[in-house]
Number of protein chains: 2
Amino acid sequence: MSNKLSTQPYKGTRDFYPEEQRLREWLFAQLRRSVSQYGYEPYDGPMLEPFELYAAKTGEEIVNEQLYSFSDRGDRKVAMRPEMTPTLARMVAARANQLAKPIRWFSIPNLWRYERPQRGRLREHWQLNVDLLGVEGVEAEAEVVQVAIDLLRNLGAGPTDFEVQINHRQLMNDLFDKVLKLSPDQTQNVAKAIDKRAKIPVESFHELLTAAGCSQAQIDTLEKFLASPLLEIPAICGESEGFKALCRFFDIVNALGLGPVCRFNSSIMRGFDYYTGIVFEIYDQHPDNRRALFGGGRYDNLVGMFGGAQIPGVGFGMGDVTLRDFLDVHGLLPELAADTEVLVGLFSPEMLVPSQQMARHLRAAGLKVEAVLQPQKLAKQFQYADKKGIPLVVMVGPDEAAAGLASIKDLRSGQQVSISQSELLARLQVMLG
Amino acid sequence: MSNKLSTQPYKGTRDFYPEEQRLREWLFAQLRRSVSQYGYEPYDGPMLEPFELYAAKTGEEIVNEQLYSFSDRGDRKVAMRPEMTPTLARMVAARANQLAKPIRWFSIPNLWRYERPQRGRLREHWQLNVDLLGVEGVEAEAEVVQVAIDLLRNLGAGPTDFEVQINHRQLMNDLFDKVLKLSPDQTQNVAKAIDKRAKIPVESFHELLTAAGCSQAQIDTLEKFLASPLLEIPAICGESEGFKALCRFFDIVNALGLGPVCRFNSSIMRGFDYYTGIVFEIYDQHPDNRRALFGGGRYDNLVGMFGGAQIPGVGFGMGDVTLRDFLDVHGLLPELAADTEVLVGLFSPEMLVPSQQMARHLRAAGLKVEAVLQPQKLAKQFQYADKKGIPLVVMVGPDEAAAGLASIKDLRSGQQVSISQSELLARLQVMLG
């Protein structure tokens, strides 16, 4: 108590004051509405998980540099979840036999990663996770991509605001193994180079490839591959399974009218160990925010790390920070005022009980009613309601109370009416629309 | 990947499968609805806070034995929040001058405490926090107690299911200082003994008092005090400010018809350092669960630990685990099925695109529609819908598609109808009611 504490939140995290929290709740409600239109059901797990859950599968960068991990008082090594998929896999594995399949689940957990805070990156963030498990065909990828598109559209995004860029991991494997004939080490480094390609000059990209031991001929072939539209891919890679899956995928999304927002892009890699089939990333098309917003794909080996049967899965994770940047840059963030409907003012200290009774009566009918508790000048009470965006103020003075009356002031129009208390509720409901 | 991972969640935490998560979301929605009827606004803060925030104020037991704390990779000492009030105080202090007062805020954060898991106690739980800041009079306590009562009633609790037991810290201080004339050390120990009184035999209570250095005369006075109804308290303590505040409080709640669920109980202590005025606890009255569910009170010194002005506050915290036990024992937990309305079945692989188009059409109109993606026997598709509680299955075969028809099976009645696709949506909406 002696020295003053800082009022700042922990670095890289956010305080959600009511205006921010309303926006967050609005956003999450929109996301829930979108995914439940596809029959996805909500789940959640604990924010702390055994350390081994991440050590087993997640990329090394996350475990070694970004994971919040520590030993608890019972000397168990634990970690604050940096992503939701391992928890999902653990929960599905625990009830693999009882759960009706396919499994359509979503969650909006808070996740943690220790990194330098910057635009779009914080230490605590929330992430919508959408996963469809138990379907082998690309119909699953087509559904999950539809969910991603619809939720952006439901948030107000127009047809040219974003683009879904799509690739297939097997197509890349065939390129690396059969065409370029890379060693496993080379494959890792070439994949990483492709992942960086959109953000670096072409010379730097070629330097990375040369450093990975690629010959000029290999670089030429790779460049030709990366520049080819989907239909010219077989001329380079032959009839890859990945090619066939991509064709089927595009047949479906084209037939559903989603072709114009979907595009084949063979530079899309996403985490190398994780995905096994189609991968996709949603790109913001706004000139001020040209970046990948979120992405996902097919992962067929995840549930199996707990033993028992493999269950194929397709999913994506969408972070709230990048999503808010997207909505912000496109002017899609709403202004949300508090939704309190009535302020029951306090005429004088003696009127507290009648005012409180009136407030209880209105609340019992479902209205959202704040009540003034301490004597204040009436002008201040009106001012307060105005500042809070509360449209109606109800007040009852001693004379009114004796005559069974109350007054309503509509702060939107400035008009004031006196009305019988028995008609008050009905009149307020009309005025609130 | 080599050795199998455990599918168990971390000790003392819960996995929320969809049926559990639906219940949690239902519960939180009820709580939000109740508190927003009083004009309370949502807020949230980060789950990690600087360690000092708790070291400064929270009771020693929590900091030394129950706090999850560790050093981050930048060597900052941090803690997983064990309670929300310090975060609330920090946030209010940071904007003390800008915020319109009174401040009515609520939050439902996840909180952490390291302890042995048992009935009603877990390591991760959620807690509704309701706080009213900036009002000095007991009108504030009367409002916050009303909120607590109404939210239990809105959850279905009847008039005899729970009781609000009320005391005042100044009344106890007057008893300890002026009547019993205890030293500060004795006061601590006597307060702790009173806190335990309801759970131990009377002999053990007296042993604790004797160990605290109380004479038999002091014990007799204390027992007389604890047995006295409110109106007889002045005969023991004189006209304590605490007595006056309690009288005013009961005048208000009686006038509002809440007297029957509120009772003065001078054994209610709650944390000794924290509260400064009225304190209260909600007791479950069910014979199988006679225990304190949650409580709160007035704390007037909290925001000031950040420097700047004091802001008086009244609030309570209600944990989800004890609340669920309460609802469970009173039979108030609802059965919540998934809310998907229509399953669009798949007649044959060739019908995927027409079926998907139909599903998109129905979703665009606002229906919650799951679609079958892989060929399965029709009986299995009906079975799946039945297991998931989806009432209607829509199917379109090749002949139907050619004739512009679709069939609807209502799994509730077993009836099947064939209908023009142009009338499908309207018919489904009628069938869903």
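Just above sits the structure.
What comes next is a walk through the structure. Predicted, not measured: the structure shown is a model, and the values here were computed from it.

### Points about the overall build of chain A
Phase 1: If you tally the helices and strands in chain A, you get 16 helices and 17 strands.
Phase 2: Since a compact globule built from 433 residues should have a radius of gyration of about 22 Å, the 28 Å found for chain A marks it as more spread out than a globular shape.
Phase 3: In terms of overall dimensions, chain A has a C-alpha envelope of 95 × 55 × 50 Å along the principal axes.
Phase 4: The 433 residues of chain A split such that 59% are buried.
Phase 5: Taking the intrachain contacts of chain A between residues at least 6 apart in sequence as the baseline, contacts between residues at least 24 apart amount to 66%.
Phase 6: If you sum the accessible surface of chain A, you get close to 17600 Å²; carbon and sulfur atoms cover 48% of it.
Phase 7: Charged side chains in chain A number 48 positive and 54 negative. The centres of these two groups are separated by 4 Å.

### Looking at the sheet that holds strand β3 (residues 68–71) of chain A
Whenever strands of a sheet pair, they do so through backbone hydrogen bonds, lying parallel or antiparallel.
Residues and elements named next belong to chain A.
Phase 1: Taking strand neighbours across the sheet as the criterion, the three strands line up as β2-β4-β3 in an open arrangement whose pairing is antiparallel. Pairing within the sheet leaves two strands with one partner each, and these edge strands are β2 (48–50) and β3. Across the sheet, the mean angle from the axis of one strand to that of its neighbour is 35°, orientation sign disregarded.
Phase 2: Relative to strand β4 (residues 77–80), β3 runs antiparallel, the two being bridged by four bridges. Of the residues in β4, the one forming a bridge with phenylalanine 70 is valine 78.

### Describing the interface of chain A and chain B
Phase 1: In this assembly, 109 residues from chain A lie in contact with 108 residues from chain B.
Phase 2: Roughly 9100 Å² is buried in total at the junction of chain A and chain B, and carbon and sulfur atoms are behind 56% of that figure.
Phase 3: For the pair chain A and chain B, the interface holds 16 salt bridges.
Phase 4: A salt bridge links Arg95(A) to Glu19(B), with the shortest nitrogen-to-oxygen separation between them at 3.3 Å.
Phase 5: Between the two partners, chain A and chain B, sit 46 residue pairs in polar contact (both at pLDDT 80 or more).
Phase 6: A total of eight residues in the side of chain A that touches chain B trace back to one element, the largest contributor, which is helix α1 (residues 18–36) of chain A.
Phase 7: Split by residue class, the side of chain A that touches chain B holds 49 nonpolar, 25 polar and 35 charged.

### Quick notes on empty space enclosed by the protein
Residue and element names in this part refer to chain A.
Phase 1: For the coordinates displayed, the defined rule picks out one cavity of 30 Å³ or more.
Phase 2: A volume near 40 Å³ is recorded for the largest cavity.
Phase 3: Every residue along the wall of the largest cavity is listed here: Leu27, Phe28, Leu31, Ile108, Trp126, Gln127, Leu128, Met318, Gly319, Asp320 and Leu323.
Phase 4: Elements with a minimum of two residues in the lining of the largest cavity: α1, β7 (124–133), β12 (313–319) and α12 (320–329).

### Topic: the relation of the copies chain A and chain B
Phase 1: Turning chain A through 180° and shifting it by 0.0 Å along the axis lays it on chain B, with an RMSD of 0.0 Å. Such values leave the two copies arranged in the relation of a two-fold axis. Judged by C-alpha distance, Phe70(A) is the residue of chain A that lies nearest the rotation axis, at 3.4 Å.
Phase 2: When the interface residues of chain A are mapped onto chain B, 99% of them again fall at the interface, so both copies present the same face.

### Comments concerning the environment of Pro9(B)
Phase 1: Looking at the element boundaries, Pro9(B) is found in the segment before α1 (18–36).
Phase 2: Once you skip the residues sitting within four places of it in the chain, Pro9(B) turns out to touch Pro46(A), Arg90(A) and Asp15(B).

### What to know about the pattern of salt bridges
Phase 1: Within this structure, the stated rule accounts for 54 salt bridges over all chains.
Phase 2: Residue Asp44(A) is joined to Arg24(B) by a salt bridge in which the shortest nitrogen-to-oxygen separation is 2.9 Å. Of this pair, Asp44(A) sits in the loop between β1 (41–42) and β2 while Arg24(B) sits in helix α1, which puts the two residues in different chains.
Phase 3: The partner of Glu370(B) in a salt bridge is Arg104(A), and the shortest N-O contact between them spans 2.7 Å. In this pair, Glu370(B) sits in strand β14 (residues 369–371) while Arg104(A) sits in strand β5 (residues 103–107), so the two residues belong to two different chains. For the pair Glu370(B) and Arg104(A), one class covers both residues: buried.
Phase 4: Overlapping salt bridges bring together Arg22(A), Glu370(A), Lys388(A), Glu41(B), Arg104(B) and Glu143(B) as one network.

### Quick word on the sheet that holds strand β3 (residues 68–71) of chain B
Residues and elements named next belong to chain B.
Phase 1: Within the open sheet, the three strands sit side by side as β2-β4-β3. Their pairing is antiparallel. Sheet topology places β2 (48–50) and β3 at the edges, where each strand pairs with a single neighbour. Averaged over all pairs of adjacent strands, the angle between strand axes in this sheet comes to 35°, irrespective of strand direction.

### A look at unusual backbone geometry
Phase 1: The omega angle of the peptide bond from Lys101(A) to Pro102(A) is 0°, so this bond is cis rather than trans.
Phase 2: Position of Pro102(A) among the secondary structure elements: in the loop between α4 (85–94) and β5.
Phase 3: Look at Asp75(A): it is not a glycine, yet its phi comes out positive at around 65°.
Phase 4: Backbone geometry at Lys181(B) places phi at a positive 50°, although glycine is not the residue there.

### What to know about the packing of helix α6 (residues 169–179) of chain A against helix α11 (residues 241–255) of chain A
Residue and element names in this part refer to chain A.
Phase 1: In contact at an axis separation of 7 Å, α6 and α11 are set at 150° when each is read in the N-to-C sense. The pairing of α6 with α11 is recorded here as roughly antiparallel in orientation. Note on packing geometry: the crossing formed by α6 with α11 is left-handed. Between α6 and α11, the residues in contact are Gln170, Leu171 and Asp174 and Glu241, Gly242, Phe243 and Leu246, respectively.
Phase 2: Here the residues of the contact of α6 with α11 sort into three nonpolar, two polar and two charged.

### Some words on the pairing of strand β10 (residues 278–284) of chain B
Residue and element names in this part refer to chain B.
Phase 1: Burial within β10 is extensive, with seven of its seven residues counted as buried.
Phase 2: Neither face of β10 is exposed, since Ile278, Phe280, Ile282 and Asp284 on one face and Val279, Glu281 and Tyr283 on the opposite face are all buried.
Phase 3: Two strands pair when backbone bridges link them, and β10 and strand β11 (residues 292–299) are joined in this way by five bridges, in the antiparallel orientation. Bridging across to β11, valine 279 finds its partner in glycine 297.

### Comments concerning the packing of aromatic side chains
Phase 1: Inspection of the entire model under this criterion finds 19 aromatic pairs over all chains.
Phase 2: Judged by centre distance (5.6 Å) and plane angle (75°), the rings of Tyr68(A) and Tyr114(A) are edge-to-face. In this pair, Tyr68(A) sits in strand β3 while Tyr114(A) sits in the loop between β6 (110–112) and β7, placing the two residues 46 residues apart along the sequence.
Phase 3: Assessed through its relative accessible area of 14%, Tyr114(A) is described here as buried.
Phase 4: Above the face of the Trp126(B) ring, Arg24(B) is positioned so that its terminal group lies 4.0 Å from the ring centre.
Phase 5: Between Lys77(B) and the ring centre of Phe51(B), over which it is positioned, the NZ or CZ distance is 4.0 Å.

### Examining the pairing of strand β4 (residues 77–80) of chain B
Phase 1: Strand direction decides the pairing type here: β2(B) and β4(B), joined by three bridges, are antiparallel. Opposite Leu48(B), over in β4(B), you have Met80(B) as the bridge partner.

### Remarks on α11(A)
All names here are of chain A.
Phase 1: Between its terminal C-alpha atoms α11 stretches 21 Å, which fits the 21 Å expected from 15 residues at 1.5 Å a residue.
Phase 2: The N-terminus of α11 is capped by serine 240, whose side-chain oxygen sits 2.9 Å from the backbone nitrogen of glycine 242.
Phase 3: Phi for glycine 257, located one or two positions after α11, is positive at around 80°.

### Quick look at the state of the cysteines
Phase 1: The tally for this structure, following the rule as stated, stands at zero disulfides over all chains.
Phase 2: We note that Cys214(B) lacks a disulfide partner, and the nearest cysteine sulfur, in Cys237(B), lies 14 Å from it.

Rules used throughout
- Residues numbered from 1 in each chain as written.
- Chains lettered and ligands numbered in written order.
- Predicted model: local features only at pLDDT ≥ 70, side-chain atom pairs only at ≥ 80, totals over all residues.
- Heavy atoms only, no water.
- Helix = DSSP H or I, 4+ residues; strand = E, 2+ residues; numbered from the N terminus.
- Rg over C-alpha atoms; globule rule 2.2 N^0.38 Å.
- Buried < 20%, exposed > 50% of the residue type's maximum accessible area, 1.4 Å probe, protein only.
- Contact = heavy atoms within 4.5 Å.
- Areas by Shrake-Rupley, 256 points an atom, 1.4 Å probe, with all protein chains shown as cover.
- Lys, Arg positive; Asp, Glu negative; His and termini not counted.
- Charge placed at Lys NZ, Arg CZ, Asp CG, Glu CD.
- Pairing = 2+ DSSP bridges.
- Axes fitted to C-alpha atoms, helices over the stretch in contact; angles between N-to-C directions.
- Buried area = accessible area lost by both parts, 1.4 Å probe.
- Salt bridge = Lys/Arg side-chain N within 4 Å of Asp/Glu carboxyl O.
- Polar contact = N/O pair within 3.5 Å; in protein donor to acceptor, adjacent residues only side chain to side chain.
- Nonpolar A, V, L, I, M, F, W, Y, C, P; charged D, E, K, R; others polar.
- 1 Å grid on protein atoms, 1.4 Å probe; cavity = no way out; pocket = protein on both sides within 12 Å on 5 of 7 lines; lining within 4 Å.
- Points joined across faces, edges and corners; volume = space filled by probe spheres on them.
- Least-squares fit on C-alpha atoms with pLDDT ≥ 70 in both.
- Parallel < 35°, antiparallel > 145°, perpendicular 65-115°, else oblique.
- Left-handed = near helix turned anticlockwise from the far one by under 90°.
- Phe/Tyr/Trp six-rings, centres within 6.5 Å; stacked < 30°, edge-to-face > 60°.
- Lys NZ or Arg CZ within 6 Å of the ring centre and 35° of its normal.
- Expected span 1.5 Å × (residues − 1).
- Disulfide = S-S within 2.5 Å.

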